[in-house]
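Take a look at the letters that make up each chain.
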Amino acid sequence: MNIISSIGSSLAYNQFILQQEFYGLFMKKFPGLKYLDMKSIKHQIFYFSEARLRLNSLCELICDTSIDSSYFYGLAWLCQYIQRLIIINVDPNDYHGVAELIGVQKNLKYFEWKDDHYIYAPGPDRDSYKEILLALEKNANIITHLNIYFIFISRTSPNVFPKFLKLKTLITGFGFSFSKEQLKMCVYRELEIFKIDYYDLKAASIIIENSGGRLKKIFLGSSYELDDYISDFDDDSLIFIRRVYENCLSIEHLSLVFPPSEQHFDEFEKLLKTCQNLKSLLLVIYMNEVEIEEEILFENGEELLKILIKSAPINLREIRFLYDVKFSLESLEEFLEKWRGRPALSIFTCRSIYKEENYVRLINKYKDNRIIKDFRCESFDNVVNENFKM
């Protein structure tokens, strides 16, 4: 709307009047709004005479915290049956209005909060997110999909998160906000989709152990690459693998991060034999070291392919590989030859080695034989993005 109005006039007042006329006409012509993105709207549309009739049916709202609180108060007055609410946090100074909007909802199923700033604002009791979490708590018994990533520690989170008993999807980072005992209070028996950060393996294992055995998708990842030493990585990654095969027999899509030790490979093989519904795997082989000889990377790859060909479930159709693993031409050919008779396999990796002529020739050969469906060298972001498809 800003682009349209600026074509007609460069004067701010004239643009404002033109936009006002547009929104007024919009309110009159449309019988009911189901979806609204407020990030670019600067008009208090809830004051139009038809607003109550039009906005009462709103099901999905996307907005950011740069909007003045009065906008949220107006929406809270008219829109109390929003089912899907997505908030981009760009201004952490005033959450009163947005908290009011969240708190008055009566049918909120999906809530997403994304911090898009690095400004620390203490908030009530030095907790930036306290108002938001207390407002969400009022909807804890109906929210089924929760996607929250807080940049800063929230002391309120451990008190509120255990109350979301109906969750089917949980995407979050527990970080340093939760103690081990507080994590054990988070029991989600209906959870089906779970995404958490690489660095939160200990927390992830506790959540999985207390889930109800319905998990079908577990994703590990973040917006940045692993480049730091991870404390207790060997033990936490081992426990994580065990918790998955002990509690997630229905798992279909899974991310794993672990070092290439004999013990980890043994546990990984147990998981493959136990979780027979697996369709896709993201395997992050991470050695937690600064420099690694290339020979070691090829050894890791050879061992990994042996386990996969020996124990991979028949439904497995997609594998994504990251970090400290490479496949020699010989190992890859042996693996693909033994994959015959299974569903065609799609492979994602970041390694540019597979773009070399001899690898391309081999890959094309097995594509022609319909053993490989697709083999791609993609960016890190695309490989870890579970929504990015071949």
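Here the structure is shown first, and the text comes after it.
In this report, the structure presented in the accompanying data block is examined.

The rules we used
Residues numbered from 1 in each chain as written. Predicted model: local features only at pLDDT ≥ 70, side-chain atom pairs only at ≥ 80, totals over all residues. Heavy atoms only, no water. Helix = DSSP H or I, 4+ residues; strand = E, 2+ residues; numbered from the N terminus. Buried < 20%, exposed > 50% of the residue type's maximum accessible area, 1.4 Å probe, protein only. Areas by Shrake-Rupley, 256 points an atom, 1.4 Å probe, with all protein chains shown as cover. Salt bridge = Lys/Arg side-chain N within 4 Å of Asp/Glu carboxyl O. Phe/Tyr/Trp six-rings, centres within 6.5 Å; stacked < 30°, edge-to-face > 60°. Lys NZ or Arg CZ within 6 Å of the ring centre and 35° of its normal. Pairing = 2+ DSSP bridges. Right-handed = clockwise from strand over helix to strand, strands pointing away. Disulfide = S-S within 2.5 Å. Axes fitted to C-alpha atoms, helices over the stretch in contact; angles between N-to-C directions. Parallel < 35°, antiparallel > 145°, perpendicular 65-115°, else oblique. Contact = heavy atoms within 4.5 Å. Nonpolar A, V, L, I, M, F, W, Y, C, P; charged D, E, K, R; others polar. Expected span 1.5 Å × (residues − 1). Arc of directions from axis to C-beta. Core = buried A, V, L, I, M, F, W, Y, C linked by side-chain atoms within 4.5 Å. Domains from an automatic or database assignment.

A look at the overall build of the protein chain
For step 1, the next point in the chain: What the protein chain contains, in helices and strands, is 15 helices and 13 strands.
For step 2, the next point in the chain: For the protein chain, with 390 residues in total, the buried portion stands at 52%.
For step 3, the next point in the chain: For the protein chain, the accessible area works out to roughly 19,000 Å², and carbon and sulfur atoms hold 50% of it.

Looking at the pattern of salt bridges
For step 1, the next point in the chain: Per the stated rule, a full pass over the model turns up 22 salt bridges.
For step 2, the next point in the chain: In this structure, the salt-bridge partner of Arg340 is Glu337, at a minimum N-O distance of 2.5 Å.
For step 3, the next point in the chain: Residue classification places Glu337 among the partly exposed positions, given a relative accessible area of 36%.

Looking at the packing of aromatic side chains
The relative placement of two aromatic rings is captured by the distance of their centres and the angle of their planes.
For step 1, the next point in the chain: All chains considered together, the criterion is met by 15 aromatic pairs.
For step 2, the next point in the chain: Each ring, one from Tyr95 and one from Trp113, has its centre 5.4 Å from the other, and the planes form 85°; the classification is edge-to-face. Separated by 18 residues along the polypeptide, Tyr95 in the loop between β3 (84-89) and α5 (96-103) and Trp113 in strand β4 (residues 110-115) bring together distant segments of the chain.
For step 3, the next point in the chain: Residues Phe174 and Phe178 carry aromatic rings whose centres are separated by 4.9 Å and whose planes lie at 85° to one another, so their mutual orientation is edge-to-face.
For step 4, the next point in the chain: Residue Phe174 is classed as buried on the basis of its relative accessible area, which comes to 1%.
For step 5, the next point in the chain: Look at Phe178 and you get buried, because its relative accessible area is 10%.
For step 6, the next point in the chain: Taken together, the ring pairs in this structure connect Phe321, Phe327, Tyr354, Tyr359 and Phe375 into an aromatic cluster.
For step 7, the next point in the chain: Looking at Arg84, its charged tip hangs above the ring of Tyr110, at a distance of 3.8 Å from the centre.
For step 8, the next point in the chain: Positioned above the aromatic ring of Trp339, the side-chain terminus of Arg342 is 4.5 Å from the ring centre.

Considering α5
For step 1, the next point in the chain: With six of eight residues buried, α5 lies mostly within the body of the structure.
For step 2, the next point in the chain: If you check which residues of α5 are buried, you get Gly97, Val98, Ala99, Leu101, Ile102 and Gly103.

With respect to the pairing of strand β13 (residues 372-377)
For step 1, the next point in the chain: Across five bridges, strand β12 (residues 345-349) lies against β13 in parallel orientation. Each bridged residue has a counterpart across the sheet, and for Ile347 the counterpart in β13 is Phe375.
For step 2, the next point in the chain: With helix α14 (residues 357-368) bridging β12 and its parallel neighbour β13, the resulting β-α-β unit is right-handed.

Overview of the state of the cysteines
For step 1, the next point in the chain: As enumerated under the stated definition, the model contains zero disulfides in all.
For step 2, the next point in the chain: Free cysteine Cys275: the closest other cysteine sulfur is in Cys248, separated by 6.9 Å.

Structural notes on the packing of α5 against helix α6 (residues 130-137)
For step 1, the next point in the chain: Between α5 and α6, the shortest axis-to-axis distance is 8 Å and the interhelical angle comes to 10°. One finds that α5 runs roughly parallel with respect to α6. Only Glu131, Ile132, Ala135 and Leu136 of α6 make contact with α5, whose side of the interface consists of His96, Val98, Ala99, Ile102 and Gly103.
For step 2, the next point in the chain: Classifying every residue of the contact of α5 with α6 by side-chain character gives six nonpolar, two polar and one charged.

Details of α14
For step 1, the next point in the chain: Taking 1.5 Å of rise per residue, the twelve residues of α14 would be expected to cover 16 Å, and the 16 Å separating its terminal C-alpha atoms lies within 8% of that figure.
For step 2, the next point in the chain: Of all the residues in α14, the buried ones are Tyr359, Leu362, Ile363 and Tyr366. Axial view of α14: buried residues confined to an arc of 95°, hence all on one face. Across α14 from its buried face, at more than 90 degrees, point the exposed residues Glu357, Arg361 and Asp368.
For step 3, the next point in the chain: Residues of α14 that are buried sit in contact with α12 (294-311), α13 (329-338) and β13.
For step 4, the next point in the chain: Arg370 lies just past α14 and shows a positive phi near 60°.

Observations regarding the pairing of strand β9 (residues 253-258)
For step 1, the next point in the chain: Across the six residues that make up β9, a large majority, six, are buried.
For step 2, the next point in the chain: Side-chain alternation along β9 places His253, Ser255 and Val257 on one buried face and Leu254, Leu256 and Phe258 on a second face that is also buried.
For step 3, the next point in the chain: As judged from the two bridges shared by strand β8 (residues 217-220) and β9, these two strands associate in the parallel manner. Along β9, the bridge assignment pairs Ile218 with Leu254.
For step 4, the next point in the chain: In the sheet, β9 pairs with strand β10 (residues 280-285) via six bridges, with the strands oriented parallel.

Comments concerning the packing of α13 against α14
For step 1, the next point in the chain: Following both chains from N to C, one finds α13 and α14 inclined at 5°, their axes separated by 11 Å at the closest point. Looking at the two axes, α13 sits roughly parallel to α14. Every residue of α14 that contacts α13 at Leu329, Leu332, Glu333, Leu336 and Glu337 is listed here: Asn358, Tyr359, Leu362, Lys365 and Tyr366.
For step 2, the next point in the chain: In terms of residue class, the contact of α13 with α14 is built from six nonpolar, one polar and three charged.

Examining the nonpolar core
For step 1, the next point in the chain: Of all hydrophobic cores here, the largest spans 115 residues; its most connected members are Phe111, Leu281 and Leu308.
For step 2, the next point in the chain: With six residues, helix α9 (residues 201-209) is the largest single contributor of residues to this core.
For step 3, the next point in the chain: Looking at which domains feed residues into this core, each of domain 1 (32-118 + 128-148) and domain 2 (167-389) supplies at least three.
For step 4, the next point in the chain: Residues in contact with Phe111, not counting those within four places in the same chain, are Leu85, Ile87, Ile102, Ile132, Leu136, Ile143, His145, Leu146, Asn147 and Ile148.

The quantities given are spatial measurements derived from coordinates; they are silent on function.
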